[in-house]
Amino acid sequence: MEGQDGHSPEASGHPHLHADIYDDDGVVRSSFLADVGAALAAHDTQALKRDVGSLHQSELGHLLEALSAEQRRTLVELLGSDFDFSALTEVDEAIRLEIVDSLPNEQIAQAVQQLDSDDAVYILEDLDEQDQDEILAQLPFTERIRLRRSLDYPEETAGRRMQTEFVAVPPFWTVGQTIDYMREDKNLPDRFSQIFVIDPTFKLLGALDLDQILRSKRAVKIEDVMHETRHAIPASMDQEEAAREFEQYDLLSAAVVDENDRLVGVLTIDDVVDVIQEEAEEDLLRMGGVGDEELSDTVLTASRSRVPWLLVNLFTAFLAASVIGLFDRTIEHIVALAVLMPIVAGMGGNAGSQTMTVTVRALATRNLDIYNAGRIIRREMGVGFLNGIIFAVLIGIVAGTWFQNANLGGIIAAAMVINMFVAALAGILIPLLLHRLGADPAVASAVFVTTVTDVVGFFAFLGLATWWFGLL
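Computed from a predicted structure; not experimentally measured.

Engineer: Explain the pattern of salt bridges to me, using residue names and the numbers behind them.
Structural biologist: According to the stated counting rule, one finds 15 salt bridges in the structure shown. Put simply, Lys49 and Asp82 hold a salt bridge, and the shortest N to O gap is 2.9 Å. With Lys49 in helix α3 (residues 45–52) and Asp82 in the loop between α5 (69–79) and α6 (93–101), this residue pair connects regions lying 33 residues apart in the sequence. According to the relative accessible area criterion, Lys49 is partly exposed, its value standing at 33%. When its relative accessible area of 39% is taken as the criterion, Asp82 is described as partly exposed. Residues Arg50 and Asp51 are paired through a salt bridge, measuring 3.3 Å at the closest nitrogen-oxygen approach. A residue is classified by how much of its surface remains accessible, and Arg50, at 58% relative accessible area, is exposed. Salt bridges here are not isolated pairs; linked through shared partners, they connect Asp133, Arg148 and Asp152.

And the structure:
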């Protein structure tokens, strides 16, 4: 069987990290940045290779993010073939595109040949189709086909994340033949923990771990010691679903198969860790209404990503304002209401956001489903009511003392209980409803929850005051 090129030791192992480039807060030291900046300004290639050439890809990625755009371009130019392109997988997309766009396609083609397939795909997928075709055309046929196949899978699927470097053997080989093959073949991956078993059509039959090889006698056939691959990942599976498989079954690696159950790659734990981190960041950003914004984005790009949800918030703010407008006569008679009403709405908004955050995360991790939804809803109702009572007592005492009006303290206390209870309900029911309708609750929940708590908070407080003081 044929093995593909594998990981470089630095790309997949755990080499010594240059801890001295970081300060106590884990930030690249200013003294190190100054040394690199001086070398760049003087075009001192030897100093750069000495200071930068041996950095791990993640350290080089941090350095690139700390440098200016001009310094980054100079660094890549001076290091030439010594620049570790795998570091581009560690930086923001904007920085990666900025560096890649400044390089000729010929240089990129030479660089991706030295990378693991998953890293190469990570860099190529951000380029436009014409550049991709030009770069792939300069690669050896086998490598070009492997990368093209990965790029043909949709974004954020296992097929995009997989490595096409793996070791595969037929079931009729012996353990001795397999060991000899791994010792002699120069094209095997540098690092791997599993050997896959396939038939002549590359259909996946099973797998075995390296420790099974070491514990078996040379004459034993592979088919006698292999185990079924119970957790093979379809190449079309969403990367978040694949990460969940790794979490549930404590996997270190998993075979990736196409629609015909043929082995096309392998997904490893280091890739899955990246997926988990990216998905968590994506959910957090979406809940804030900023999409996939990155710190390296320009002012215009950042503004464009934030404007849509700010517009939605503007319309919902008008809705809350219209509720206040219904009680303008009440506010004219009791000015203290205008001072206190933001407290009710604000506390409700914060309470709703707490419940919403827990709910959205539970939906994302599938810890919240149809079987436990009722229990969780009842729990949140209880939490909302209890917290409402606690803060109603506090704000009631403060407001009554502040304005020397016990009735006003009682009204705001009652409104607080109502709004905190409704906030808890909205915080869980709105994400559940959006999820049921097929919408992303991380994106749309916040604006609706805030609207509900504002409207209910203002209406409860001002409505109770109007009724109590007879201002109808």
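Engineer: I'd like to hear about the sheet that holds strand β6 (residues 263–268), residue by residue, with values.
Structural biologist: Within the open sheet, the 3 strands sit side by side as β4-β5-β6. Their pairing is mixed. Strands at the two margins of the open sheet, each flanked by one partner only, are β4 (233–234) and β6. Two strands pair when backbone bridges link them, and strand β5 (residues 253–257) and β6 are joined in this way by 5 bridges, in the antiparallel orientation. For Val257, the partnering residue across the bridge sits in β6 and is Leu263. Sheet strands in contact with helix α15 (residues 239–249) are β4, β5 and β6, and its direction is about 65° off that of β6.

Engineer: Please set out the pairing of strand β2 (residues 194–198) residue by residue, giving values where relevant.
Structural biologist: For β2, the buried fraction is high: 5 of the 5 residues fall into the buried class. Going residue by residue along β2, you find Gln194, Phe196 and Ile198 tucked away on one face and Ile195 and Val197 tucked away on the opposite face as well. In this sheet, β2 lies alongside strand β1 (residues 168–169) in parallel orientation, the contact comprising 2 bridges. Note on β2: the bridge partner recorded for Ala168 is Phe196. Assessed by its sense of winding, the connection that carries the chain from β1 through helix α12 (residues 175–184) to β2 is right-handed. Bridge count between β2 and strand β3 (residues 204–209): 5 bridges; the pairing is antiparallel.

Engineer: Go over the sheet that holds β3, please, and point to the residues and values.
Structural biologist: Taken in spatial order, the 3 strands of this open sheet run β1-β2-β3, and their pairing is mixed. The open sheet has two edge strands, β1 and β3, and neither has a second partner.

Engineer: Give a detailed account of the nonpolar core, specifying residues and quantitative values.
Structural biologist: Counting residues in hydrophobic clusters, the biggest one holds 43 residues, and the most contacted among them are Leu48, Val52, Leu60, Leu64 and Leu75. Beyond its immediate chain neighbours, meaning those up to four positions away, Leu64 contacts Arg72, Leu75, Phe83, Ala87, Leu88, Val91 and Ile99. Grouped together as the second largest cluster of nonpolar side chains are 29 residues, Phe327, Ala336, Leu408 and Met420 included.

Engineer: Describe helix α17 (residues 299–325), with residues and values.
Structural biologist: In this model α17 runs 36 Å from its N-terminal to its C-terminal C-alpha over 27 residues, within 8% of the 39 Å that 1.5 Å per residue would give. What α17 keeps buried is the set Ala302, Thr316, Ala320 and Val323. Looking at the buried residues of α17, the elements they touch are α22 (441–468).

Engineer: Lay out the packing of aromatic side chains in plain terms, naming residues and giving numbers.
Structural biologist: Evaluation of the coordinates by the stated rule reveals 6 aromatic pairs. Considering the side-chain rings of Trp173 and Tyr181, the 5.3 Å spacing of their centres and the 75° angle between planes classify their relative orientation as edge-to-face. Accessibility expressed as a relative area gives 15% for Trp173, which makes it buried. On the basis of relative accessible area, Tyr181 is assigned to the buried category, the value being 9%. Taken together, a centroid distance of 5.7 Å and an interplanar angle of 70° make the contact between Phe327 and Phe459 edge-to-face. Highlighted residues: Phe327 in the loop between α17 and α18 (328–333) and Phe459 in helix α22, separated in sequence by 132 residues. The exposure class assigned to Phe327 is buried, which follows from its relative accessible area of 10%. The exposure class of Phe459 is partly exposed, given its relative accessible area of 48%.

The rules we used
Residues numbered from 1 in each chain as written. Predicted model: local features only at pLDDT ≥ 70, side-chain atom pairs only at ≥ 80, totals over all residues. Heavy atoms only, no water. Salt bridge = Lys/Arg side-chain N within 4 Å of Asp/Glu carboxyl O. Helix = DSSP H or I, 4+ residues; strand = E, 2+ residues; numbered from the N terminus. Buried < 20%, exposed > 50% of the residue type's maximum accessible area, 1.4 Å probe, protein only. Pairing = 2+ DSSP bridges. Contact = heavy atoms within 4.5 Å. Axes fitted to C-alpha atoms, helices over the stretch in contact; angles between N-to-C directions. Right-handed = clockwise from strand over helix to strand, strands pointing away. Core = buried A, V, L, I, M, F, W, Y, C linked by side-chain atoms within 4.5 Å. Expected span 1.5 Å × (residues − 1). Phe/Tyr/Trp six-rings, centres within 6.5 Å; stacked < 30°, edge-to-face > 60°.

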